Amino acid sequence: MTDWLAVCRAAVEDVRGVLDELPTRVEREPVVGAGLGGDDTTAIDQAAEDAIVARFRDLDVTIVSEEVGRVGTGATIVVVDPIDGSINAKRGIPFFSLSIAVADGETMDDVHFGYVYDFGTGEEWTATRGGGAQLNGEPLGAVLPKDTIDLLSFEATRTELIARDAPKMLGVAGRLRIMGSLALTLCHLAAGRLDGVVSLKGARSVDIAAAQLLVRELGLAIDLFDVATPFGEAPLDLEGRSRVAAAGTPALCRRLAVALSG
């Protein structure tokens, strides 16, 4: 049986090596192509993904990743975002992560192991299906989000999207944060550091597949509110996109989704 935690920790060191080889914005930022997810591929994105693909190459898996798309034929699906928060990483802002989800099927419900590593703090976030969520090996759940949205994190925050959607949060959220990594903000929700998280544009499975398991293992609510498919049936692919809302309760999650849809 594969020790997924050990594999993920080795992958962290692979990406850390890439960061050392490309130490500044000058090396990290050049566009080298276009990923199958539709976004520009920069030097740091490509190098990090190459390192991760090499790490998983000898395992019997199918990889779904932001730049390369879907590769392999294994029954186990590994959904990877080598650098979630790549703009922060390019600029040297220490809030970006490696996100890895391991699934025994093709949907969010099939994810059985989630791993998110914060390269800024060194925090290691993990979850196992039916086994809870952990921060640095210690169980989460003692502190949960509040029953009101005092602190809400916006993700996918182009200026025009903030101008459009921030006014919709009047009376819904007390304060806003813009942090720059959807995977990490969902982890912070799981730890009760945030009371809500929203993505202002459509997210893909690579952005959330690992962190959603932490959120759901703690009984918190998360929704892809632009699609009719129930969250657990959302496919682990690069084609599907939806804005995300997450909060401590289904009612608060719905309130966020309704506000943003208005």
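All residue numbers here refer to positions counted from 1 along the written sequence of the relevant chain. With pLDDT at 70 or above as the cut-off, local features in this predicted model cover only qualifying residues; side-chain atom pairs require 80 or more to be listed or tallied, and sums for whole chains, interfaces and linings still use all residues. With hydrogens and water stripped out, all remaining heavy atoms of the structure feed into the side-chain values.

K.L.:
Sorry if this is basic, but what is going on with the overall build of the protein chain here?
P.N.:
When its secondary structure is counted, the protein chain shows 9 helices and 15 strands. Taking 18 Å as the expected radius of gyration for a compact globule of 262 residues, we find that the protein chain reaches 17 Å, a close match to that expectation. Taking the principal axes of the C-alpha coordinates as reference, the protein chain spans close to 50 × 40 × 35 Å. What makes two residues a contact is simply this: any of their non-hydrogen atoms within 4.5 Å. A fraction of 62% describes how many contacts in the protein chain between residues 6 or more apart in sequence connect residues 24 or more apart. All accessibility values rest on the Shrake-Rupley procedure with a 1.4 Å probe; residue burial counts only the protein chains present in the view. A total of about 11,100 Å² of accessible surface is found on the protein chain, and carbon and sulfur atoms cover 52% of it. Each helix is a run of DSSP H or I of at least 4 residues and each strand a run of E of at least 2, with the numbering of both proceeding from the N terminus. Put simply, the radius of gyration uses C-alpha atoms, and a globule should come to 2.2 Å times the residue count raised to 0.38.

K.L.:
What is the right way to look at the nonpolar core in this model?
P.N.:
Judged by nonpolar contacts, the single largest core of 43 residues is most densely connected at Trp125, Leu140 and Leu186. Residue contributions to this core peak at 7 residues, all from helix α6 (residues 182–190). Sequence-distant contacts of Leu140, defined by excluding residues within four places in its chain, comprise Trp125, Ala133, Gln134, Leu135, Ala190, Ala191, Leu214 and Leu218. What makes a nonpolar core is a set of buried Ala, Val, Leu, Ile, Met, Phe, Trp, Tyr and Cys residues whose side-chain atoms join them at distances within 4.5 Å. Each residue gets one of three labels from its accessible area relative to the maximum for its type: buried under 20%, exposed over 50%, partly exposed in between, using a 1.4 Å probe on protein chains only. Counting residues in hydrophobic clusters, the runner-up holds 29 residues, among them Val12, Ile44, Val80 and Phe96.

K.L.:
Can you help me understand α6 in this one?
P.N.:
In terms of residue burial, α6 counts as a mostly covered element, since 9 of its 9 residues are buried. Three or more residues of α6 are buried, namely Leu182, Ala183, Leu184, Thr185, Leu186, Cys187, His188, Leu189 and Ala190. One or two steps after α6, the chain reaches Gly192, where phi turns positive at roughly 75 degrees.

K.L.:
Explain the pairing of strand β8 (residues 124–128) here, please?
P.N.:
Every other side chain in a regular strand lies on the same face of the sheet, so the side chains alternate between the two faces. Where burial is concerned, most of β8 is hidden: 4 out of the 5 residues are buried. Both strand β7 (residues 111–118) and β8 contribute to a ladder of 5 bridges, which runs antiparallel. By the bridge assignment, Phe113 is partnered in β8 with Thr128. A pair of strands is treated as paired once DSSP finds two or more bridges between them. The antiparallel pairing of β7 with β8 creates a hairpin that spans 5 residues between the two strands, and Gly122 there sits at a positive phi of about 80 degrees. Where β8 and strand β9 (residues 132–135) come together, 4 bridges link them in antiparallel fashion. Residue pairing across strands places Ala127 opposite Ala133, the latter belonging to β9.

K.L.:
Any chance you could explain the packing of aromatic side chains here in plain terms?
P.N.:
To describe a pair of aromatic rings, one takes the distance between the centres and the angle between the planes. Aromatic rings from Phe, Tyr and Trp, with only the six-membered ring used for Trp, were paired whenever their centres fell within 6.5 Å, and each pair was classed as stacked if the ring planes differed by under 30 degrees, edge-to-face if by over 60, and tilted otherwise. Under the definition given, this model contains 3 aromatic pairs. Centre to centre, the rings of Trp4 and Phe56 are 6.4 Å apart; their planes meet at 20 degrees, and the pair counts as stacked. Residue Trp4 is found in helix α1 (residues 4–21), and its partner Phe56 is found in helix α3 (residues 43–56); the two are separated by 52 residues along the sequence. Per residue, the accessibility class of Trp4 equals that of Phe56, and both read buried. Between Phe96 and Phe119, the aromatic rings sit 5.6 Å apart at their centres with planes inclined by 20 degrees, giving stacked as the arrangement.

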